[in-house]
Structure formats: structure tokens, C-alpha cells
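One-letter residues, chain by chain:
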Amino acid sequence: MTKVKVAGFSVSLDGFAAGIDQSLDRPLGLRGEELFQWFFPTRAFRQMLGKDDGETGLDDRFGQRAMEGFGAFILGRNMFGPIRGEWPDDQWKGWWGDNPPYHAPTFILTHYPRPSIEMLGGTTFHFVTGGIDEALQKAREAAGVKDIKIGGGAETVRQYVQAGHVDEIHLAFVPTVLGQGEPLFNGIDLHALGYRTIEHVPTDRATHIVLAK
């Protein structure tokens with residue numbers, strides 16, 4: 001049965017999932033790259049860049065799991081790019097170049113319609129203006145028997161968790177405090193929503209927590 005998952009989602013010790021002031025030069029926001037120091041050295045991440053090196057081990061295993069087995073992805077608009085408001089043209093096609101790491105239909109939440117973009121490697125970006133339920137319905141149709149990943153950002157994850165749509169959440173808590181940024185679970189009662197911890201794996205760079213209901 002298809003599951004809806006959040007996977008490989010990095011969080012600071014004070015609960016922030018991204019830095020402030022996202023821009024073209026800082027796609028993760030101010031100090032946001034600190035949240036991914038567990039992931040950047042892994043073979044999983046290096047493969048996303050077309051490289052054939054990188055560390056193996058527990059962090060790599062969680063990194064591989066965070067991208068494998070998904071038949072569709074859902075992203076908030078900020079995860080697609082720094083542009084706000086109306087699309088000025090069709091030039092921006094995401095942060096990742098011609099061959100994004102998704103390799104599956106990927107649905108972008110936006111208020112502004114735009115034609116779908118077919119990329120190399122099996123990724124097609126579809127722009128959904130009808131909200132999270134419409135995007136999830138389209139993702140289910142596209143995913144078939146595979147799982148669906150809610151890829152972020154923080155507000156998109158919050159909306160899907162609060163609506164009760166997410167079956168499993170993998171968080172990588174990193175040993176840093178941001179002080180400010182995009183909070184992940186403020187005002188959300190995970191216990192009341194039925195989540196429990198099913199995995200708890202510490203590594204040198206992160207503590208991986210998997211919640212499920």
C-alpha cells in the first residue's frame with residue numbers, strides 16, 4: 001500500500017528546518033547548510049551530483065532511503081526556487097540543473113499556474129494551484145504502488161502532517177542551533193496525531209528519528 005512519507009528532513013536542535021533569507025545564492029537560507037552536514041559527505045548525496053565517491057555507513061543508509069522507492073514527490077514552491085509571485089517567464093527550472101534528483105513526477109505547490117516541465121532522468125515538474133489535497137491526489141495517481149515523498153519545505157511538511165496525510169517521518173536532528181529560521185512543528189501535537197518513534201539511530205553527525213502512526 002502506498003505510504004506518504006517525509007524522509008531525510010534535517011532539523012536543528014532548536015527545531016528549525018531551514019535558515020532565514022532564502023535567496024538564489026543561499027537556497028537553504030542563512031546558515032541552512034549547517035543542517036545538512038550529515039548528508040553532504042555521503043555517497044547518496046555525491047551520487048546526486050553525478051559523482052562516484054562519498055562516505056558509506058549509517059548516514060549514507062538513511063540518505064539512500066530518503067530518495068529511493070518513491071513514485072512521486074510533492075514540493076512547496078520555495079523548494080523549487082527563490083522566485084515569488086507571478087512567474088516572470090519559463091526560464092527557471094529548479095535548483096538542480098537539467099537532471100534533478102527526483103526521477104519521478106514531482107508536484108510543485110503554487111498559487112500561479114505554469115506548464116509542466118519535462119526534465120532529464122525521468123523528472124517532470126507539475127505545478128498545482130489547487131492546494132495540498134489536489135497535489136496529493138495527483139501524486140497518488142502518478143505513484144502507482146510506490147510511496148510518495150513530501151519533500152519540503154517546512155511549511156509544506158507542516159500542512160501535510162497537520163492534515164493527517166503523512167504516514168512516516170524521518171528527521172535528522174543535527175547538533176547545532178540556528179536561533180531563528182523556519183520552525184517545523186510549532187503548534188503541532190505529534191502525539192495527538194498518533195505518531196510514535198519506531199527508529200532511533202545516533203551517528204557522529206546526526207540523530208536519526210523515524211516516527212510513524
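Coordinates for the structure precede this section.
Everything numeric here is computed off the predicted structure, so don't read it as measured data. (Residues numbered from 1 in each chain as written. Predicted model: local features only at pLDDT ≥ 70, side-chain atom pairs only at ≥ 80, totals over all residues. Heavy atoms only, no water.)

Asker: Break down the side chain of Arg-114 for me, with residues and values.
Answerer: Along the polypeptide, Arg-114 turns up in the loop between strand E3 (105-109) and strand E4 (117-118). Of the residues examined, Arg-114 reaches a relative accessible area of 9% and is grouped as buried. At a separation of 3.2 Å, a polar atom in the side chain of Arg-114 contacts the main-chain carbonyl oxygen of Asp-90. At a separation of 2.5 Å, a polar atom in the side chain of Arg-114 contacts the main-chain carbonyl oxygen of Trp-92. Beyond its immediate sequence surroundings of up to four residues, Arg-114 is in contact with Phe-80, Trp-87, Asp-89, Asp-90, Gln-91, Trp-92, Lys-93 and Phe-127. (Helix = DSSP H or I, 4+ residues; strand = E, 2+ residues; numbered from the N terminus. Buried < 20%, exposed > 50% of the residue type's maximum accessible area, 1.4 Å probe, protein only. Polar contact = N/O pair within 3.5 Å; in protein donor to acceptor, adjacent residues only side chain to side chain. Contact = heavy atoms within 4.5 Å.)

Asker: Quick rundown of the sheet that holds strand E1 (residues 4-11)? Include the residues and the values.
Answerer: Strand order across the open sheet formed by nine strands is E4-E5-E3-E2-E6-E1-E7-E9-E8, with mixed pairing between neighbours. Either end of the sheet is taken by a strand with one partner, and the two such strands are E4 and strand E8 (196-202). Here E1 runs beside strand E7 (residues 168-173); their pairing, made up of five bridges, is parallel. From the neighbouring strand, Lys-5 faces E7, where its bridge partner is Glu-168. On top of the sheet, helix H2 (residues 58-65) reaches strand E2 (70-76), E7, E8 and strand E9 (207-212); it is set at about 140° to E8, its chief contact. Sheet contacts for helix H5 (residues 154-162): E1, E2, E3, strand E6 (147-152) and E7; angle to E6, the most-contacted strand, approximately 135°. (Pairing = 2+ DSSP bridges. Axes fitted to C-alpha atoms, helices over the stretch in contact; angles between N-to-C directions.)

Asker: Would you mind going over the packing of aromatic side chains in detail, with residue names and values included?
Answerer: This model, assessed by the stated rule, comprises 15 aromatic pairs. Aromatic pair Trp-96 and Tyr-102: ring centres 5.1 Å apart, planes at 90°, arrangement edge-to-face. Owing to a relative accessible area of 24%, Trp-96 belongs among the partly exposed residues under this scheme. Their ring planes at 25° and their centres at 5.7 Å tell us that Trp-96 and Phe-125 sit as a pair that is stacked. One end of the pair, Trp-96, is in the loop between helix H3 (77-80) and E3; the other, Phe-125, is in strand E5 (residues 124-128), with 29 residues separating them in the sequence. A connected cluster of aromatic rings, assembled from ring pairs, spans Phe-70, Phe-73, Phe-80, Trp-87, Trp-96, Tyr-102, Phe-125 and Phe-127. Between the NZ or CZ atom of Arg-77 and the centre of the ring of Trp-87, over which it lies, the distance is 3.7 Å. (Phe/Tyr/Trp six-rings, centres within 6.5 Å; stacked < 30°, edge-to-face > 60°. Lys NZ or Arg CZ within 6 Å of the ring centre and 35° of its normal.)

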